[in-house]
Amino acid sequence: MLNKIKPDQKFDLGTIILSEQDIIDFAKAFDPLDFHVDKEAAKKTIFKGLIASGPHIFNLIYRREWLPRFGKTVICGMGVNNWKFIKPVYAGQKIGAELTVLSIKPMAEMTGNAVSWLFEFKNEKGEMVQVLQMEVMHRG
């Protein structure tokens, strides 16, 4: 699949909807802040309710969509840049994910290509809730 991609190409990565239990379970394992794991405590925060941990939606889309498509060509990760949590994600919200190829740079010394990927996550209103850029070295 990697040999067919080009800069500015976009991929629809589908949508996700998290339940309250999804949010709590992920946060208990990786980010146990009160506004992620305790519904009553979360009501008293600026968010006025339980919200997903920042990495949660990326983690799900990465595992469900990106890895099956591009994971077999990975040599190594090179970095994550400009990861922004713009709006909170609440249980029951439909979040859409889109992936854009920003650049592909041949790296002869590693017999691969450095690919810059842009992940964008938007809510049902089309508002950006999260964005990040991921740099990955791929074979081929």
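Basis of the calculations
- By convention here, each chain's residues receive numbers from 1 onward along its written sequence.
- At least 70 in pLDDT is required for a residue's local features to be given in this predicted model, at least 80 for side-chain atom pairs to be given and counted, and no such filter applies to totals for whole chains, interfaces and linings, which use all residues.
- Side-chain metrics rest on all non-hydrogen atoms present in the structure, leaving aside hydrogens and water.
- Working definition: helices are DSSP H or I runs of at least four residues, strands are E runs of at least two. Numbering for both runs from the N terminus.
- Exposure categories follow from relative accessible area, calculated using a 1.4 Å probe and restricted to protein chains: below 20% of the type maximum is buried, above 50% is exposed, and the middle band is partly exposed.
- The contact criterion used throughout is that any non-hydrogen atoms of two residues lie within 4.5 Å.
- Each accessible area is a Shrake-Rupley estimate made with a 1.4 Å probe; only the visible protein chains count as cover when residues are assessed.
- In this count, Lys and Arg are taken as positive residues and Asp and Glu as negative ones, while His and the chain termini are left out.
- Think of each charge as sitting on NZ of Lys, CZ of Arg, CG of Asp or CD of Glu.
- Side-chain rings of Phe, Tyr and Trp (the six-membered ring for Trp) are treated as a pair once their centres are within 6.5 Å; stacked means planes under 30 degrees apart, edge-to-face means over 60, and tilted covers the remaining angles.
- The rule for pairing is simple: two strands pair if DSSP sees at least two bridges between them.
- The convention used is that axes are lines fitted to C-alpha atoms, helices contributing only their stretch in contact, and that angles between N-to-C directions extend from 0 to 180 degrees.
- Expected helix span is computed as 1.5 Å times (number of residues minus one).
- The reported bend at a residue is simply the angle between two axes, fitted to the 7 residues ending at it and to the 7 residues beginning with it.

Asks: I'd like to hear about the overall build of the chain, residue by residue, with values.
Replies: Along the chain, the regular secondary structure elements total 4 helices and 5 strands. Sequence-ordered secondary structure for the chain, helices as α and strands as β, is β-α-α-α-α-β-β-β-β. By principal-axis analysis of the C-alpha atoms, the chain measures approximately 55 × 30 × 25 Å. Here the chain holds 140 residues, and 39% of them are scored as buried. Nonlocal contacts in the chain, meaning residues at least 24 apart in sequence, comprise 68% of its contacts between residues at least 6 apart. About 7,900 Å² of surface is accessible on the chain, with carbon and sulfur atoms providing 55% of the total. Positive and negative charge centroids in the chain, built from 19 and 16 side chains respectively, lie 3 Å apart.

Asks: Outline the packing of aromatic side chains, listing residues and values.
Replies: Evaluation of the coordinates by the stated rule reveals 11 aromatic pairs. Considering the side-chain rings of Phe35 and Phe47, the 5.2 Å spacing of their centres and the 55° angle between planes classify their relative orientation as tilted. Here Phe35, found in helix H2 (residues 34-37), pairs with Phe47, found in the loop between helix H3 (39-43) and helix H4 (54-70); they are 12 residues apart in sequence, far enough to count as distant. A relative accessible area of 22% means that Phe47 is categorised as partly exposed. Aromatic rings pair up to connect Phe11, Phe58, Tyr62, Trp66, Phe70, Trp83, Phe85, Trp117 and Phe119 into one cluster.

Asks: Please set out the sheet that holds strand E5 (residues 128-139) residue by residue, giving values where relevant.
Replies: With antiparallel pairing, 5 strands are arranged side by side in an open sheet as E1-E3-E4-E5-E2. What marks the edges here is a single partner per strand, and that holds for strand E1 (10-17) and strand E2 (74-85). Geometrically, the sheet is characterised by an average inter-axis angle of 20° between neighbouring strands, direction not taken into account. Examined bridge by bridge, E2 and E5 share 8 bridges and lie antiparallel to one another. Paired with Lys84 across the strands is Val131, a residue of E5. Here H4 sits on the sheet and contacts E1, E2, strand E3 (94-107), strand E4 (112-122) and E5; the angle it forms with E1, its principal contact strand, is near 130°.

Asks: Tell me about H4, and name the residues and values.
Replies: Taking 1.5 Å per residue, 17 residues should reach 24 Å; H4 reaches 23 Å between its end C-alpha atoms and fits that length. Where H4 bends most, the angle comes to about 45°, and this point is Tyr62. On its buried face, H4 is in contact with E1, helix H1 (20-30), E2, E3, E4 and E5.

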